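Summary of structural features
Residue-level listing of the chains:
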Amino acid sequence: EEFLNAFAFDYPRARRAQPLEPFVAMVPAPWDATRRLLHIGIRALDAPRGVRPALNLTFVIDTSASMFAADRLPIIIEGIRALIPQLSQRDRLSIVTYSPGTRTLLDQMRGDRRVFIEAALDELRPGVAEPAGNGIDAAYAAAGRALDPAALNRVILVTDGDFNLGAASPQALEARVKAQRERGIRLSTITVGLDSPANTTMRALAHAGGGVNAFAADAAGFQQLVNEDIDRGRAVVAQAVRLEVEFNIDRVQEYRLIGFTTAA
């Protein structure tokens, strides 16, 4: 499902009278002409044009030894570097790592101070594994120091799926993430590494944080995911959306969901 979510689907534009526009398409399955693929999507109203709100962006990055590969930490560094020209003095950028140890490399750095941001990126190197929960807590602490209801407050967790929670249980960590979401700080998760396994913890944290869980195969994809996450926060038309699909048993013998579903 991470690969499916990496594509930009050209759904019909939503109308002001209907802020959520559904999309349904059915096509033959490429592997079996007797089967069909049913694609259901929803597009919300586009974000208003003009100057975006100030950005309070915090990356919490896994720098464990498994992140050494070229499709992991290097694409994160290159992807963040590509975002720098989009930042201005109104924006704040923080970078927290959790291996080895928990370190805050940038703490609410102004977006136009590019030399300092570049220097922090140069310090990103793989090391010994450390519990991710410590890094998430440090990231929320950094984001909270510049929390502004008028800004886009985002924490983005990036890892290859080799996830160590430490002493915290998944339920306890999700509860902390939900509490921060209620404060106005949303969490998204990005998985890197072409051979990384699907991680249910990453999905659950993103769901609890009001964000998305996606996969980045390269630096361009990483930058695109971050930009899309920022754009999503510019025009929130619903806090939750639910789809109900009923199949006619006289026409449909069986079906299979591709991807995953989560309960609200």
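Our subject is the structure listed above.
Below: a short report on this structure. Every value quoted in this text rests on a predicted model; they were computed, and no experiment measured them.

Here we come to empty space enclosed by the protein. Counted by the stated rule, this structure contains two cavities of 30 Å³ or more. When its volume is computed, the largest cavity comes out at roughly 40 Å³. What lines the largest cavity is I156, S188, T189, I190, V212, A214, L225, V226, D229 and R232. Put simply, the parts of the chain that give the lining of the largest cavity at least two residues each are strand 7 (186-192), strand 8 (210-216) and helix 7 (219-232). Per-element accounting of the lining of the largest cavity gives the leading share, four residues, to helix 7. Class assignment for the residues of the lining of the largest cavity results in six nonpolar, two polar and two charged. In this structure, the second largest cavity encloses a volume near 40 Å³. Around the second largest cavity sit L57, F59, I80, L83, I84, L87 and L93, which together line it.

Note that L124 resides in the loop between helix 3 (114-122) and helix 4 (132-144). Measuring from C-alpha to C-alpha, the distance between L124 and P74 comes to 9.1 Å, with 50 residues separating the pair along the chain. Each residue touching L124, except ones within four places of it in the same chain, is listed here: I61, T63, L73, I77, I95, T97 and L105.

A separate point is a nonpolar patch on the surface. Judged by side-chain polarity, V24, M26, L38, I40, I42, V241, L243, V245, F247 and Y255 come together as a nonpolar surface patch covering roughly 920 Å² of accessible area. Looking at the nonpolar patch, the elements that each hand over two or more residues are strand 1 (20-29) and strand 2 (32-44). In terms of residue count, the dominant contributor to the nonpolar patch is strand 2 (three residues). As for its placement among the helices and strands, I42 is situated in strand 2. When its relative accessible area of 30% is taken as the criterion, I42 is described as partly exposed.

Right, let's talk about helix 2 (residues 73-83) for a bit. The periodicity of an α-helix, 3.6 residues per turn, causes residues three or four positions apart to be oriented the same way. Among all positions of helix 2, only L73, I75, I76, I77, G79, I80 and L83 are buried. Elements in contact with the buried residues of helix 2: strand 3 (55-61), helix 3, strand 6 (152-159), strand 7, strand 8 and helix 7.

Now for the packing of helix 2 against helix 7. At a minimum axis separation of 8 Å, helix 2 and helix 7 run at an interaxial angle of 55°. Comparing their axes, helix 7 and helix 2 come out oblique. In this structure, helix 2 crosses over helix 7, and the sense of that crossing is right-handed. Facing helix 2, whose interface residues are I75, I76, E78, G79, I80, A82 and L83, helix 7 presents A219, F222, Q223, V226 and N227.

Quick notes on the rules
Residues numbered from 1 in each chain as written. Predicted model: local features only at pLDDT ≥ 70, side-chain atom pairs only at ≥ 80, totals over all residues. Heavy atoms only, no water. 1 Å grid on protein atoms, 1.4 Å probe; cavity = no way out; pocket = protein on both sides within 12 Å on 5 of 7 lines; lining within 4 Å. Points joined across faces, edges and corners; volume = space filled by probe spheres on them. Helix = DSSP H or I, 4+ residues; strand = E, 2+ residues; numbered from the N terminus. Nonpolar A, V, L, I, M, F, W, Y, C, P; charged D, E, K, R; others polar. Contact = heavy atoms within 4.5 Å. Patch = residues over 30% accessible without salt bridge, like charges linked within 9 Å, V, L, I, M, F, W, Y side chains within 5 Å. Areas by Shrake-Rupley, 256 points an atom, 1.4 Å probe, with all protein chains shown as cover. Salt bridge = Lys/Arg side-chain N within 4 Å of Asp/Glu carboxyl O. Buried < 20%, exposed > 50% of the residue type's maximum accessible area, 1.4 Å probe, protein only. Axes fitted to C-alpha atoms, helices over the stretch in contact; angles between N-to-C directions. Parallel < 35°, antiparallel > 145°, perpendicular 65-115°, else oblique. Left-handed = near helix turned anticlockwise from the far one by under 90°.

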